Amino acid sequence: MSTTRTAISPRRAENFPSWYQEVVRAADLASMSHVRGCMVIKPWGWGVWELMQRELDRMIKERGHDNVYFPLFIPLSYIQKEAEHVEGFAKEMAVVTHHRLEKRDGKLVPAAPFEEPLVVRPTSETIIGETMAEWVQSYRDLPLKLNQWANVVRWEMRPRVLLRTTEFLWQEGHTAHADEAEAVAETLEMHRVYESFARDWLAMPVVAGEKSPTERFPGAEQTFTIEAMMQDGKAVQAGTSHYLGQNFARSAGIEFTDVDGARKHACTTSWGASTRLVGALVLTHGDDDGLCVPPAVAPHQVVIVPMLRGEDVDAEVLDYAREIATDLRRHATRFGPLRVHVDERATRPSDKKWQWIKRGAPLLVEVGARDAAASVVSYRNRFSPAEQLRKPFAEFVATAAAELESLQDKLLAQAQRRLDENIRRDITTRAEAEVFFKQDRAGFVLAGWCGSPDCETGLKALGVTIRCLPTRLGTDAPCLPCGQTSRHSAIWGLSY
Ligand SMILES: [Zn+2]
């Protein structure tokens, strides 16, 4: 192991889970709050999420969906209507049972019980279904394509900041269609949207595929997922898209009169991606000096730190720093106009430098009096922060956008290489799987599955599940747990 000092301790190789917590803290992304299982998202973390939201929202609207907002509280009776849905979420539901507080013996206590308790939304299929039933009368009202940006609550026994929290933020799309073919096409289209969003914006390559039955969304006919591989070889389910068939349409009564005059139930879909993507970004692009934010979602793509020393030249240094920023802002990458920040705080320059390295600002410019005098720009690229680079002012300004795009491409290539190298095809028996998954940073196994429910959960004792039945990867290998002829190719792995 190298003895070079790193900004994050422990390093990834020493203790990966602690390293993750430390990067989230040191990069000022988020922290767990005093409210159990709930997090505070800090400005830098929120900035990243906001940029993710902005692009995903654009991609969603571009496909004809409208944004809406539904209540946070869902009457218990709505949830009860879809049996599988209830079963799937029952253990995670937060329930509001009272309103009004009263003082008794000097203490505030809930006073008035509800006749019908309210569930704090874990997801909105039921409540949106009830409203769709009112909005949809005829085939002319279809398709109905809605999306909501909201917070949801699922009671977590083992919370982990950004990856698994009791309250998290997401978008949830909900659509209703006249027939199955159109609804399935919608489900697959949004699955593709998540895949390309993860690759093109988050530099996070994924394995796309369908979930096996036990991993499906409760109440869905089919669930499609994108599974990203983190640096420790575990999977993060980074976005899911569900074909719900007529299950929720039946329970909520989404019926319409078709062209032929017949009354039919609509076919519905839902799909979501959440703030856990910010956690996945850390586990994908973090290093021993902190986070490296892909330029596409970096709140500041270029941070300029003027080296102010309380001397007369400070004014010139500051002017020069602002001039660089102004000129840079006239340029754009393929992700939009450059986002440039001049850090004028009174903090010591070296502290500022390290703070921005840990946060993962893609380009970091340090401006000193000599740079200002010589009209040069000294900077670091977060991909190799130890290397001090120098360019003449005009050249730096003219090439910064290209350098950011190249950084984005390098992050994707690095993650793609890691994914490709760690999908193993040579692990084909249960005995091999038992050895393989016990090692550190095991990765994914592409092997077979015979299709039986017993084998689907056959490696649970190892913590290993079928992450997906991949769309574009295949193998002739036998079923990993039982060794019989397989009916499906499957990605087996550990997951967050
Ligand atoms: Zn089997």
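The coordinates are above.
Starting from 1, residues in each chain are numbered consecutively following that chain's sequence as written. For this predicted model, a pLDDT threshold of at least 70 governs which residues receive local features, and a threshold of 80 or more governs which side-chain atom pairs are given and counted, while totals over whole chains, interfaces and linings are taken from all residues. Hydrogen atoms and water are omitted, and side-chain values are computed over all heavy atoms in the structure.

Engineer: Help me understand the layout of surface pockets, please; the structure alone is not making it clear to me.
Structural biologist: A probe as big as a water molecule, rolled over the atoms, marks out the empty space that is left. Its boundaries defined by the atoms lining it, the largest pocket holds a volume of some 1,600 Å³. The pocket and cavity definitions rest on a 1 Å grid over protein atoms only: a 1.4 Å probe that fits but cannot leave marks a cavity, an open set with protein on both sides within 12 Å along at least five of seven lines marks a pocket, and residues lining either have an atom within 4 Å of a point. What lines the largest pocket is a set of 49 residues, and nearest its centre among them are Glu92, Arg154, Arg164, Gln237 and Arg276. A run of H or I in DSSP becomes a helix once it reaches four residues, and a run of E becomes a strand once it reaches two; helices and strands are each numbered from the N terminus. Breaking the lining of the largest pocket down by element, the ones donating at least two residues are helix H4 (83–89), strand E8 (167–177), strand E11 (235–243), strand E14 (267–274), helix H8 (276–285) and strand E24 (465–470). Residues belonging to the lining of the largest pocket are distributed by class as follows: 16 nonpolar, 17 polar and 16 charged. Along the wall of the second largest pocket there are 16 residues; nearest its centre are Phe16, Asp232, Lys234, Asp440 and Arg441. For the lining of the second largest pocket, the residue count by class is seven nonpolar, two polar and seven charged. Split by domain, the residues of the lining of the second largest pocket number at least three in each of domain 1 (16–285) and domain 3 (423–493). Grid points are joined across faces, edges and corners, and a volume is the space filled by probe spheres set on the points. All amino acids are sorted into three groups, where Ala, Val, Leu, Ile, Met, Phe, Trp, Tyr, Cys and Pro are nonpolar, Asp, Glu, Lys and Arg are charged, and the leftover types, Gly among them, are polar. Either an automatic procedure or a domain database provided the assignment from which the domain bounds are taken.

Engineer: What's the story with the coordination of the zinc ion in this structure? I'm lost.
Structural biologist: Angles at a metal have ideal values that depend on geometry: 109.5 degrees with four tetrahedral donors, 90 or 180 degrees with six octahedral donors. Donors, by definition, are the N, O and S atoms found within 2.8 Å of a metal, the threshold being 3.2 Å for Na, K and Ca, and water is not counted, so a site can look incomplete. Bound to the zinc ion on the protein side are Cys450 (SG), Cys455 (SG), Cys479 (SG) and Cys482 (SG), at distances that span 2.3 to 2.4 Å. Every geometry call rests on angle ranges, with four donors termed tetrahedral when all angles are between 85 and 135 degrees, four termed square planar and six termed octahedral when opposite donors are over 155 degrees apart and all others are between 65 and 115, and everything else termed irregular. Its four donor atoms give the zinc ion angles of 104 to 118° at the centre, a pattern that matches the tetrahedral case. All donor residues of the zinc ion come from one chain, and their arrangement in sequence is C-x4-C-x23-C-x2-C. With Cys450 in the loop between strand E23 (444–449) and helix H14 (453–456) and Cys482 in the loop between E24 and strand E25 (488–493), this residue pair connects regions lying 32 residues apart in the sequence. Relative accessibility thresholds used throughout: buried, under 20% of the residue-type maximum; exposed, over 50%; partly exposed, between the two (1.4 Å probe, protein chains only). Residue Cys482 is classed as partly exposed on the basis of its relative accessible area, which comes to 33%.

Engineer: Help me out: how do you make sense of the sheet that holds E14 in this one?
Structural biologist: Adjacent strands of a sheet pair through backbone hydrogen bonds, lying either parallel or antiparallel. Pairing between two strands requires that DSSP report at least two bridges joining them. Taking strand neighbours across the sheet as the criterion, the eleven strands line up as E3-E7-E8-E14-E11-E10-E9-E24-E25-E23-E22 in an open arrangement whose pairing is mixed. Of all the strands in the sheet, just strand E3 (66–67) and strand E22 (423–424) have a single pairing partner and so form its edges. H8 rests against E11 and E14 of the sheet, and its axis sits at about 145° to E11. Here a residue-residue contact requires only that any non-hydrogen atoms of the pair lie within 4.5 Å. What counts as an axis is a line fitted to C-alpha atoms, over the stretch in contact for a helix, and the angles between N-to-C directions run from 0 to 180 degrees.

Engineer: Looking at this structure, how should I read the sheet that holds strand E4 (residues 73–75)?
Structural biologist: Strand order in the open sheet formed by three strands is E4-E6-E5, and the pairing between neighbours is antiparallel. Of all the strands in the sheet, the pair left with one neighbour each is E4 and strand E5 (95–104). Across the sheet, the mean angle from the axis of one strand to that of its neighbour is 40°, orientation sign disregarded. When E4 meets strand E6 (residues 107–120), the two strands line up antiparallel, connected through three bridges.

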